[in-house]
Amino acid sequence: MSFIPGQPVTAVVQRIEIRKLRQGEHLILGFSIGGGIDQDPGQNPFSEDKADKGIYVTRVTPGGPAEVAGLMMGDKVMQVNGWDMTMVTHDQARKRLTKKNEEVVRLLVTRKSLEQAVRHSMM
């Protein structure tokens, strides 16, 4: 999220709780991530300033647990179960999200547009 002095802030913070779907031995979240401090931020299509090394949602499986919970492509993951995700590698983020002993993942995400969040909440 970039901030331009004198312009309104257009991001909104959302709390999202995802109940993992059990498929055999696996617990499925239904989304993919991109980014991390070890990745090239210039390759991140969701970063406005191309210097942001945050973790972003790059794909949400239709009908999956993440979509049902309200997660959206382009959301920036700020916390996972209370753990700060603003300065982590891609692999650290993936491991934090896929812990085997956690059936529920609580995310704190920022969404680029308040208008988009309001529209989604009215569906």
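Notes on the structure in this doc start here. Just so it is clear, the structure is predicted and the values come from calculations on it, not from any experiment. Starting afresh in each chain, residues are numbered from 1 along the sequence in its written order. Totals for whole chains, interfaces and linings use every residue, but because this is a predicted model, local features are given only for residues with pLDDT of at least 70 and side-chain atom pairs only at 80 or more, for both listing and counting. Hydrogen atoms and water are omitted, and side-chain values are computed over all heavy atoms in the structure.

1. Structural notes on the overall build of the protein chain
1) Next: When helices and strands are tallied, the protein chain shows three helices and eight strands.
2) Next: Each helix and strand of the protein chain, ordered N terminal to C terminal, gives the series β-β-β-β-β-α-β-β-α-β-α.
3) Next: Partly exposed residues are those whose accessible area sits between 20% and 50% of the maximum for their type, while under 20% is buried and over 50% is exposed, using a 1.4 Å probe and protein chains only. Buried residues in the protein chain amount to 38% of all 123 residues.
4) Next: A separation threshold of at least 6 residues defines the contact pool for the protein chain, and within that pool the share at least 24 residues apart is 66%.
5) Next: Areas reported here follow the Shrake-Rupley algorithm with a probe of radius 1.4 Å; residue values treat only the protein chains shown as occluding. Summed over all atoms, the accessible surface of the protein chain reaches about 7,600 Å², with 54% contributed by carbon and sulfur. Numbering of helices and strands starts at the N terminus; helices are DSSP runs of H or I of at least 4 residues and strands are runs of E of at least 2. Here, two residues are considered to be in contact whenever any of their heavy atoms come within 4.5 Å of each other.

2. Points about the packing of aromatic side chains
1) Next: Pairing of aromatic rings covers Phe, Tyr and Trp, the last counted by its six-membered ring, and requires centre-to-centre distances within 6.5 Å; plane angles under 30 degrees mean stacked, over 60 mean edge-to-face, and any other angle means tilted. If you walk through the whole model with that rule in mind, you get zero aromatic pairs.
2) Next: Sitting above the plane of the tryptophan 83 ring, arginine 96 keeps its charged end 3.9 Å from the centroid. In this scheme, the term charge over a ring applies when either NZ of a lysine or CZ of an arginine sits within 6 Å of the ring centre and within 35 degrees of the ring normal.

3. Focus: helix α2 (residues 90-97)
1) Next: Turning to α2, its buried residues number three or more, namely Ala93, Arg96 and Leu97. Down the axis of α2, the sector holding all buried residues measures 95 degrees, keeping them to one side.
2) Next: On its buried face, α2 is in contact with β4 (31-35), β5 (55-60), β6 (76-80), β7 (83-84) and β8 (104-111). The directions from the helix axis to the C-beta atoms are what the arc is built from.

4. Quick notes on the environment of proline 45
1) Next: Locating proline 45 in the fold gives a position in the loop between β4 and β5.
2) Next: In sequence terms proline 45 and glycine 74 are 29 residues apart; their C-alpha atoms lie 8.5 Å from each other.

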